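The residues making up each chain are set out below.
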Amino acid sequence: MTLSLREMAVEVLTTADGRAKTALSHSLARAWFAARKAGAPLPIGRADPPLRPARPAKPDLLDPRDVPRRRPGSPAGRIALLHAIAHIELNAVDLHWDMVARFPDHDMPLGFFDDWVKAADEESKHFNLVCDCLERLGSHYGALPAHAGMWRAAEDTVDDILGRLAVVPMVLEARGLDVTPGMIEIFERAGDDAAVAALKTIYAEEVGHVAYGSKWFNFLCGRQGLDPQPVFLDLVRRYFHGPLKPPFNEEKRAQAGLPPDFYWPLTEPAE
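Residues numbered from 1 in each chain as written. Predicted model: local features only at pLDDT ≥ 70, side-chain atom pairs only at ≥ 80, totals over all residues. Heavy atoms only, no water.

Observations regarding the overall build of the protein chain
For the protein chain, the count of helices and strands is nine helices and two strands. Helices (α) and strands (β) of the protein chain occur, in sequence order from the N terminus, as α-α-β-α-α-β-α-α-α-α-α. For the protein chain, whose C-alpha radius of gyration is 18 Å, the value lies close to the compact-globule estimate of 18 Å for 271 residues. Here the C-alpha coordinates of the protein chain stretch approximately 50 × 50 × 30 Å along the principal axes. Relative to its full complement of 271 residues, the protein chain shows a buried share of 49%. Intrachain contacts of the protein chain at a sequence separation of at least 6 include 82% that bridge at least 24 residues. Entry remark: accessible area of the protein chain is about 12400 Å², with carbon and sulfur atoms responsible for 55%. Across the protein chain, the centroid of the 31 positively charged side chains sits 3 Å from that of the 38 negatively charged ones. (Helix = DSSP H or I, 4+ residues; strand = E, 2+ residues; numbered from the N terminus. Rg over C-alpha atoms; globule rule 2.2 N^0.38 Å. Buried < 20%, exposed > 50% of the residue type's maximum accessible area, 1.4 Å probe, protein only. Contact = heavy atoms within 4.5 Å. Areas by Shrake-Rupley, 256 points an atom, 1.4 Å probe, with all protein chains shown as cover. Lys, Arg positive; Asp, Glu negative; His and termini not counted. Charge placed at Lys NZ, Arg CZ, Asp CG, Glu CD.)

As structure tokens, then:
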């Protein structure tokens, strides 16, 4: 029996090991796009995604305040930075498959699923690229503790598709556009060409993921007759904990469909 797309997404979400999760993610994305190309798309279906995805036994997940800070200029600091990036990318794989699996009561066009399957497939590639860099440096994903709060945005928006789109791609992934150029510079100075290449790939493709968030957020607002900008500000203040912090990569944010009036008002604490 052919699995529906949402059932496929749950298979990824319930796979614990990072390399196994991303291999399955790649395989299911290929199956989805092959069926789309053949003009016989797989059924979207319904499924019961877990509140939290399966995770490997390591890394230990700590409160953000308890994650050790290391200077990125040192070899140990660069390993710690790559480990943190790998952790972000693994969570992103699950966030995008969760977007596919979760919100069945919203009748979305097939293009919505195309975008998030593609994003999950790319995040899977990103995770493996960064893991390869870690292993080249004698480390691996799971060797260091990691941030326990990465899934909080998903849990907070479990029943709110607009809130999920606002906080995950349009805030959290947009933040990646702000900080990745500085990370690329760190590895350029260290002469780590593999890490530079991996981060440049991530940087280029994350613009698309933010753009998918903006596109579908505006689509849903339009369908409901809502003005996107005040709705976005309200949702981010509700679900994102604390003000946004400049500097912002305004050029890449604009490229992804995020105008300044969507984020500059959020740099001040809510009244």
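Topic: the nonpolar core
A general trend in soluble globular proteins is that nonpolar side chains are found buried together. If you look at the biggest cluster of nonpolar residues, it comprises 83 residues, and the most contacted ones within it are Leu 5, Trp 97, Trp 116, Phe 217 and Phe 232. Broken down by secondary-structure element, the contributors of at least two residues to this core are α1 (5–13), α2 (18–37), α3 (75–101), α4 (110–136), α5 (152–156), α6 (161–189), α7 (193–224) and α8 (228–239). Looking at this core element by element, the count peaks at 14 residues for α6. (Core = buried A, V, L, I, M, F, W, Y, C linked by side-chain atoms within 4.5 Å.)

Notes on unusual backbone geometry
Glycine aside, a negative phi is what most residues show, and trans is what most peptide bonds show. The omega torsion across Lys 58 and Pro 59 is 10°, close enough to zero to call that bond cis. Relative to the assigned elements, Pro 59 resides in the loop between α2 and β1 (61–62). The peptide bond linking Pro 246 to Pro 247 adopts the cis configuration, its omega dihedral lying at 10°. With respect to the helices and strands, the residue Pro 247 is situated in the loop between α8 and α9 (250–255).

Description of the pattern of salt bridges
This structure, assessed with the given rule, holds 20 salt bridges. Across the salt bridge formed by Lys 215 and Asp 115, the nearest N and O atoms sit 2.7 Å from each other. Taken as a pair, Lys 215 in helix α7 and Asp 115 in helix α4 lie far apart in primary sequence, 100 residues in all. Residues Asp 178 and Arg 253 are paired through a salt bridge, measuring 2.7 Å at the closest nitrogen-oxygen approach. One end of the pair, Asp 178, is in helix α6; the other, Arg 253, is in helix α9, with 75 residues separating them in the sequence. Owing to a relative accessible area of 2%, Arg 253 belongs among the buried residues under this scheme. When salt bridges with common partners are traced through the structure, they connect Arg 19, Asp 132 and Glu 135 into a single cluster. (Salt bridge = Lys/Arg side-chain N within 4 Å of Asp/Glu carboxyl O.)

Here's the deal with the packing of α3 against α4
For the pair α3 and α4, interaxial distance at closest approach is 8 Å and the crossing angle is 160°. Overall, the two elements α3 and α4 adopt an arrangement that is roughly antiparallel. Here α3 runs over α4; the crossing is left-handed. For the contact of α3 with α4, the class distribution of residues is 21 nonpolar, four polar and two charged. (Axes fitted to C-alpha atoms, helices over the stretch in contact; angles between N-to-C directions. Parallel < 35°, antiparallel > 145°, perpendicular 65-115°, else oblique. Left-handed = near helix turned anticlockwise from the far one by under 90°. Nonpolar A, V, L, I, M, F, W, Y, C, P; charged D, E, K, R; others polar.)

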